[in-house]
Each structure stands twice: as C-alpha cells, then as structure tokens.
Amino acid sequence: MKLNAQTTLCCVIGNPIDHSLSPAMHNAGYKAKDLNYVYLAFRVGNVLDAIKGIRALGIKGVSVTVPHKIAVMQYVDRLGDRAKQIGAVNTILNENGKLVGSNTDCDGAIKALEGNIALSGKKVVLVGSGGAARAIAFGLKEKNADVLIVNRTLAKAKELAKATGARFGDLSMLDEIKTSDVLINATSVGLSNNGNDRLVPEEMLHKNLTVFDIVYNPQETNLIVDAKEAGCKIIYGYKMLLYQAVTQFELFTGSTAPVSVMEEALLKGLRG
Ligand code: ATR
C-alpha cells in the first residue's frame, strides 16, 4: 500500500478500540482492489470533538462502535431511514462535507442469514432486545419473516416487537424453537467473558433449524456446538461483522467489496 498526498482516510471510532478487527478487514480489501485508501482505528472519548475532526480532515468514511452509536446521531447532518428506525448509527459517510449517518449492522445480519436461508415467510425466534437484536429485528421485518422476539426482560421485547410488528414473550417462550425455521441468539450469552453459557436447552434444537449466534468470540459457542450436534444448519457470528463491513466498504469506496479477502483477514484476526 503506497500512501501519498492523494490517499483517502477512513477509520473506526470507539472506546476501547485496540481489539477492533475493522482495520484488518478494510485494509485487506483496499489492497486487493488496489485502492489508494487507508483505514485506521481511533480511540475516542468525546464524540463531538471526533466529528469536528472528521469534518476538518475530510475523513471519507467512519465506522462507529461502542459506546458512540447513539450519541453520534445528533452530530451528523443527515440520517438514513434505517439508522432512524434502529436508533443507532454504525456508519458515517462524508459526502462532500455533509456527514450522513447510516446503519449497516442490519444489512450485515440479513446478508449473513440470506446466504443460507430465504427469510420470507419463515418462522424466526429472535432472542434478545438490545442494540444488536434491534438492528436484526428491523431487517427481518423487511424480509417478511414471521418473528417471535424473546427476551429475559419482557418490557424490552414488547417495545421492540411493537416497533417491528413481531410477536414477543419472555424466555419461557423459547419452546417455540421446536416448530421454527430459524433461531437467532442476539444476546451476549455465549461470550467467553460471560462464561460461554447457554440460554437454549439442547432438546429444543432440531435438524430443520438454522441457528445464527451473533457471538463471535468464541466462534464455537455452546449454542453452536449444540446446534451442530442436533444437525442444524449453523451461521457463525463473525458473518454479521464481516457483512456490515462489506456494506461499509462499498459505501466508502464505491467499489464492490472483495468479500473472501475481507473474510480471510477477519478470521486471521479472530485467531489472533
Ligand atoms: P447489544 O447492544 O450487544 O445487543 P445490550 O444492549 O446490552 O447489548 O443487550 C444485551 C442483550 O442480551 C439483552 O437482550 C439482554 O437481556 P435483558 O434485556 O433482559 O438485559 C441479553 N442478556 C444479557 N445477559 C443475559 C443473560 N444472562 N440471560 C438472558 N439474557 C441476557
């Protein structure tokens, strides 16, 4: 990669940021497509200051991660419909000085799912009602899936279900997995630093079920291991991370993303 006075800068802002795999994915993509771009990670405490910096330096594209996805909304010039619906921005595109906030998490999840199963009319159990579940729920609605949102805190499931036209229930409703086509874990249960526990009893899994666990660290969560044993089709959590970056790459560069190159870079980063 040759850097010079014409190099276009993109970046990710978040806090903490030093474990972000976005620079590896985006830079591998730029290299493969021979684009004069570079992508860096910035640890940002004050979002408004970062936004001023983006404007002042003409940074072309920005990925936004925890904890800034909501706060950043008030500082951009325009919000895409998805970002408005979901209530979070994970992407900023600098269009000749105007900052446009959008959300590619939704796209990322739907692309990951639709690579394996057409969602229209399918019975989907979505577990969780946090930020990630919210992005996925709006995507499922758009694909006309028949969605049940299940969450430990019922009030949050109810609110999300109301916004997306889904049904809802507490964890006792997990039983519906037995008659469903797709199960999505959008909770943090399964994360290595959470003890890699499981929410879904093994006996609910069956071979006609596609299981998508958005947890990607570890890759083989207990849910994924159980699902493989039950003969389910599985979708690893890293695919959502990959495809949200693929959509960002295309927005930032106007070029088709080299998906397999970005996937390889991501998997290499995940393996450490
Ligand atoms: P994110 O933005 O990554 O989705 P979040 O907004 O903190 O993170 O949401 C975490 C989700 O995981 C929530 O749905 C949460 O359930 P509650 O709404 O009841 O808090 C769910 N979650 C986390 N730990 C859980 C646990 N031990 N059992 C069941 N659900 C859990």
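Anyway, here's the lowdown on the structure attached to this text. (Residues numbered from 1 in each chain as written. Predicted model: local features only at pLDDT ≥ 70, side-chain atom pairs only at ≥ 80, totals over all residues. Heavy atoms only, no water.)

## Here's the deal with helix α1 (residues 22-32)
Side chains that are three or four residues apart share a direction in an α-helix, a result of its 3.6 residues per turn. Among the residues of α1, those classed as buried are S22, P23, M25, H26, N27, G29 and Y30. The inward-facing, buried residues of α1 abut β1 (8-14), β2 (37-43), β3 (61-64), α8 (238-253) and α9 (259-271). A positive phi of about 55° marks D34, the residue just after α1. (Buried < 20%, exposed > 50% of the residue type's maximum accessible area, 1.4 Å probe, protein only. Helix = DSSP H or I, 4+ residues; strand = E, 2+ residues; numbered from the N terminus. Contact = heavy atoms within 4.5 Å.)

## Details of the packing of aromatic side chains
Overall, the coordinates contain 3 aromatic pairs when judged by the stated rule. Between Y30 and Y37, the aromatic rings sit 5.1 Å apart at their centres with planes inclined by 45°, giving tilted as the arrangement. According to the relative accessible area criterion, Y30 is buried, its value standing at 0%. With relative accessibility at 11%, the residue Y37 sits in the buried group. Each ring, one from Y236 and one from Y238, has its centre 6.2 Å from the other, and the planes form 20°; the classification is stacked. Y238 shares its class with Y236; the two are buried. Taken together, Y30, Y37 and F249 form an aromatic cluster joined through their ring pairs. (Phe/Tyr/Trp six-rings, centres within 6.5 Å; stacked < 30°, edge-to-face > 60°.)

## What to know about the pairing of strand β6 (residues 98-102)
Counting buried positions along β6 gives 4 out of 5 residues, so the element sits mostly inside the fold. The pairing of strand β4 (residues 78-79) with β6 spans 2 bridges and is classified as parallel. Note that in β6 the partner of L79 across the bridge is G101. One ladder, built from 5 bridges, connects strand β5 (residues 91-95) with β6; its direction is antiparallel. Looking at β6, one finds that N94 is bridged to L99. Taking the residues between adjacent antiparallel strands as the criterion, β5 and β6 are bridged by 2 residues, where N96 takes a positive phi near 50°. (Pairing = 2+ DSSP bridges.)

## A word on the site of the ligand
Taken together, the neighbourhood of the ligand is formed by 13 residues, with S129, N151, R152, T153 and K156 sitting nearest. A132 places a main-chain nitrogen or oxygen 3.1 Å from an oxygen atom of the ligand. Here an oxygen atom of the ligand sits 2.9 Å away from a polar atom, N or O, in the side chain of R152. Notes on the ligand: free accessible area 650 Å², of which the protein chains cover 65%. (Near = heavy atom within 4 Å. Polar contact = N/O pair within 3.5 Å; in protein donor to acceptor, adjacent residues only side chain to side chain. Areas by Shrake-Rupley, 256 points an atom, 1.4 Å probe, with all protein chains shown as cover.)

## Comments concerning the sheet that holds strand β10 (residues 182-185)
Strand order in the open sheet made by the 6 strands is β9-β8-β7-β10-β11-β12, with parallel pairing throughout. Only two strands of the sheet have a single partner each, and these edge strands are β9 (167-169) and β12 (233-235). Across the sheet, the mean angle separating the axes of adjacent strands is 20° when strand polarity is ignored. Bridge count for β10 against strand β11 (residues 210-213) is 4 bridges, and the pairing is parallel. (Axes fitted to C-alpha atoms, helices over the stretch in contact; angles between N-to-C directions.)

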